[in-house]
Amino acid sequence: METRQLEYFVAVAEESNFTRASERVFAAQSTVSAGIRSLERELGADLFERDPQGVRLTPLGAEVLEAARATLEASERMRMLADPRGGLRGQLRVGIFTNLTTIDLPGILGEFHSRHPLVDLRLGPSPSGSTGLAEDVRLGRVDVAFMGLPGRLPGLHYQRLAMSPFVAVLAEDHPLASQNRIRLADLTTQPFVDAREGFGNRVTLDRHLAELGLSRRVATEVSDLGEIPRFVAARLGVAVMPALTVLPAVGAVVRPLAEPVEWELSAVSRPRPNAAAAALLGLLAERFSSGRAGGTVERDGTE
């Protein structure tokens, strides 16, 4: 059994697709397929169910996946110990928000790179926001992700980074714009501009509205949270967003809410993060405990 075979197996398991897995491991699809077949022959059982819709892990494959990940992580640690140059190596996949400019993510990752120059960074968002990022981490597609979902999901390690109050975003000539604080009940009678379903800010707000017995109509959905104030300025509706995510827009104003609603920003990983992921989590702890990353900062333990 070779390490490369395990890398192929983990990639196919996480991507559920041989083509994407081949691109990820920089190998021909025929090479990946042959590596999987060789591994299955060695184990004496199928690891995947194959059909025209794709590939799925068999019950045995699901058990082998955890062992394969652990073996690859141990192999990485051994290579680090044996490397005379020292330092971390490899690739770190990070799930990000495209609009979170109030957090100095380039600065954080720049400092990470200066500490660990042999680690290649792969950054990307999820089209379904925090819900998709959480699933990507759980399935091993992403090593560390920034996430804004309320509560705690099983199978993930959480590191709280910041808490941010929700605020109302209105067109500057909106009748409520002259008020110092805006009641949610006054806003829910009007059309909303918001992110797509699955984004952490939307999940958090909808849960809070449900607790208050309120409902709303999202008339305009956008895929980039940072664009919401511009659509509000164009009078497509009102918005309620975490203050940390609001980007200034000409023609839009921000007002506090009368009822406190909090949004939590966390970094999440698998319970046993690899060495590069653990190093990034450590740097995030440094940055946010010192308040250098912006926002209202609170620390939390793990789960």
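Residues numbered from 1 in each chain as written. Predicted model: local features only at pLDDT ≥ 70, side-chain atom pairs only at ≥ 80, totals over all residues. Heavy atoms only, no water.

Draft legend 1. Inspection of the packing of aromatic side chains at higher detail. Overall, the coordinates contain three aromatic pairs when judged by the stated rule. Of the aromatic side chains, those joined through ring pairs into one cluster are F9, F18 and F48. (Phe/Tyr/Trp six-rings, centres within 6.5 Å; stacked < 30°, edge-to-face > 60°.)

Draft legend 2. Examining the pattern of salt bridges more closely. With the rule as written, the count across this model stands at 25 salt bridges. When the shortest N-O distance is used, the salt bridge between E15 and R20 registers 3.5 Å. Judged by relative accessible area, which is 16%, E15 ranks as buried. Two residues, R202 and D206, come together in a salt bridge whose shortest N-O distance is 3.8 Å. (Salt bridge = Lys/Arg side-chain N within 4 Å of Asp/Glu carboxyl O. Buried < 20%, exposed > 50% of the residue type's maximum accessible area, 1.4 Å probe, protein only.)

Draft legend 3. Looking closely at the environment of E42. Residue placement: E42 occurs in helix α3 (residues 29-43). A sequence separation of 41 residues divides E42 from M1, and the C-alpha atoms of the two residues are 7.5 Å apart. Leaving out residues up to four positions away in the same chain, E42 has contacts with M1 and Q5. (Helix = DSSP H or I, 4+ residues; strand = E, 2+ residues; numbered from the N terminus. Contact = heavy atoms within 4.5 Å.)

Draft legend 4. Representation of the side chain of S164. Along the chain, S164 falls in strand β6 (residues 157-171). At 3.1 Å, the side chain of S164 forms a polar contact with the backbone nitrogen of A243. In this structure the side chain of S164 is engaged in a polar contact, spanning 3.0 Å, whose partner is the backbone nitrogen of L244. Sequence-distant contacts of S164, defined by excluding residues within four places in its chain, comprise P242, A243, L244, V261, E262 and W263. (Polar contact = N/O pair within 3.5 Å; in protein donor to acceptor, adjacent residues only side chain to side chain.)

Draft legend 5. Inspection of the pairing of strand β3 (residues 90-95) at higher detail. Note: β3 against strand β4 (residues 119-124), six bridges, orientation parallel. From the neighbouring strand, R93 faces β4, where its bridge partner is R122. As judged from the two bridges shared by β3 and strand β5 (residues 144-147), these two strands associate in the parallel manner. Following the sheet pairing, G95 is matched in β5 by A145. (Pairing = 2+ DSSP bridges.)

Draft legend 6. Seen up close, the environment of E15. Along the chain, the position of E15 falls in helix α1 (residues 3-15). Along the chain, E15 and R141 lie 126 residues apart, while their C-alpha atoms are 7.3 Å from each other. Ignoring anything within four residues of it in the chain, the contact list for E15 reads R20, A21 and R24.

In short, the description is geometric, and any link to function would need to be established separately.
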